[in-house]
Amino acid sequence: MVLISLKPLSAGHLEGIATYYIRFDLKSSSQRITDGKLTMVPAHEDFRAATFSYFPVSGIIPALPQEAAQTIEAKAKQNAFIQLLEQKGLKSVKTLNYDTIISYEGCVQVPVALFISPYNDKNKGFPYKARVLFSPLSFPDQWESLRRRFKIKKFLDNFFLFFQ
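Notes on the structure in this doc start here. (Residues numbered from 1 in each chain as written. Predicted model: local features only at pLDDT ≥ 70, side-chain atom pairs only at ≥ 80, totals over all residues. Heavy atoms only, no water.)

### Points about the overall build of the chain
This is how it is decided: Strands are runs of DSSP state E lasting at least two residues, helices are runs of H or I lasting at least four, and both sets are numbered from the N terminus onward. The cut-offs for exposure are 20% and 50% of the maximum accessible area for each residue type, with area from a 1.4 Å probe on protein chains only; residues under the lower value are buried, those over the upper are exposed, and the others partly exposed. Pairs of residues are marked as contacts when any of their non-hydrogen atoms sit within 4.5 Å. Shrake-Rupley sampling with a 1.4 Å probe provides the accessible areas, and residues are treated as covered by the protein chains on show and by no other component.
For the chain, the count of helices and strands is two helices and seven strands. Scanning the chain from its N terminus toward the C terminus, one meets helices and strands in the order β-β-β-β-α-β-β-β-α. For the chain, the residues scored as buried account for 34% of the 164 residues in total. Intrachain contacts of the chain at a sequence separation of at least 6 include 71% that bridge at least 24 residues. Carbon together with sulfur atoms contributes 57% to the accessible area of the chain, which is approximately 11,200 Å² in total.

### Points about the pairing of strand β7 (residues 125–135)
Note the following rule: Paired strands are those between which DSSP finds at least two bridges.
For β7, a buried count of nine out of eleven residues is recorded, marking the element as mostly surrounded by other parts of the structure. Relative to β7, strand β4 (residues 53–62) runs antiparallel, the two being bridged by ten bridges. Its bridge partner being in β7, Gly-59 is matched across the sheet by Tyr-128. In this structure, strand β6 (residues 99–116) lies alongside β7, joined through seven bridges in antiparallel fashion.

### Regarding unusual backbone geometry
Residues Val-110 and Pro-111 are joined by a peptide bond in cis, for which omega reads 10°. Residue position: Pro-111 is located in strand β6. Despite not being glycine, Asn-97 has its phi angle at roughly 55°, a positive value. In this structure, Asn-97 sits in the loop between β5 (90–96) and β6. For Lys-124, which is not glycine, the phi torsion reads 55° and is therefore positive. Note that Lys-124 resides in the loop between β6 and β7. A relative accessible area of 53% means that Lys-124 is categorised as exposed.

### Section: the packing of aromatic side chains
Put simply, the rule reads: The rule is short: rings of Phe, Tyr and Trp, with Trp giving its six-membered ring, pair when the centres are within 6.5 Å, and they are stacked under 30 degrees, edge-to-face over 60, tilted in between. The rule for a charge over a ring is simple: NZ of Lys or CZ of Arg within 6 Å of the ring centre, and within 35 degrees of the ring normal.
The final tally for this structure, using the stated rule, is three aromatic pairs. Ring centres 6.5 Å apart and planes at 20° place the aromatic pair Phe-24 and Tyr-104 in the stacked group. Taken as a pair, Phe-24 in strand β2 (residues 18–29) and Tyr-104 in strand β6 lie far apart in primary sequence, 80 residues in all. Of the two residues examined, Phe-24 and Tyr-104, each falls in the buried class. Seen in terms of ring centroids, Tyr-119 and Phe-126 are 5.4 Å apart; in terms of plane orientation they differ by 70°. Their pairing is edge-to-face. In this structure Tyr-119 comes out as partly exposed when scored by relative accessible area, which is 23%. We classify Phe-126 as buried; its relative accessible area is 9%. Positioned over the ring face of Tyr-54 is Arg-131, at 3.9 Å from the centre of the ring.

### Comments concerning helix α1 (residues 69–88)
Which entries qualify depends on this criterion: By this rule the span expected of a helix is its residue count minus one, scaled by 1.5 Å.
In this model, α1 (20 residues) spans 28 Å end to end at C-alpha, consistent with the 28 Å of a helix rising 1.5 Å per residue. Looking at α1, one finds that the buried residues are Ile-72, Glu-73, Ala-76, Lys-77, Ala-80, Phe-81, Ile-82, Leu-84 and Leu-85. Taken together, the buried residues of α1 touch β2, β3 (32–42), β4, β6 and β7.

### Some points on a nonpolar patch on the surface
Short version of the rule: Patch building starts from residues that exceed 30% relative accessible area and form no salt bridge, then joins like charges within 9 Å and nonpolar side chains (Val, Leu, Ile, Met, Phe, Trp, Tyr) within 5 Å. Think of a salt bridge as a Lys or Arg side-chain nitrogen and an Asp or Glu carboxyl oxygen that are within 4 Å of each other.
Side chains of Ile-152, Phe-155, Leu-156, Phe-159, Phe-160, Phe-162 and Phe-163 sit close together on the surface and give an oily, nonpolar patch of about 820 Å² of accessible area. Tracing the backbone through its elements, the reader meets Phe-160 in helix α2 (residues 143–162).

### Side note on the pairing of β6
Where β2 and β6 come together, twelve bridges link them in antiparallel fashion. Note that in β6 the partner of Ile-22 across the bridge is Gly-106.

Take a look at the structure:
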């Protein structure tokens, strides 16, 4: 596939590279998807990502030809983050009664290399390609719980080692 006129869009007001924790929560009730929520929180200097890697993401933003460039850019970034989280992010599942929440978590660095092509009549939208610097890791609110689980697992492993 050849894109005739790729038009790079800038990352807006962001200066330099900034790191964000991102999480996509997909809620379903009685086996039907009811809600999806993308959360993006700035990461401070203490982010705990082992390795960041560039991942290519592409798709089509359904929109009208006269839609504003900033709106299309925001939708493209959101779709790229969600797609990347679903493919490469850490996955966790919580269930209560008939409600299930699937969470995908990771960490991204912006600005994102984003190229949006002109409107495509056949697909009724704007094709885009993005290159995102991403690392799969848990959201900060999970760190204490993960640390506790690790300590318990380590204690049990050592305990059973004692009897061998």
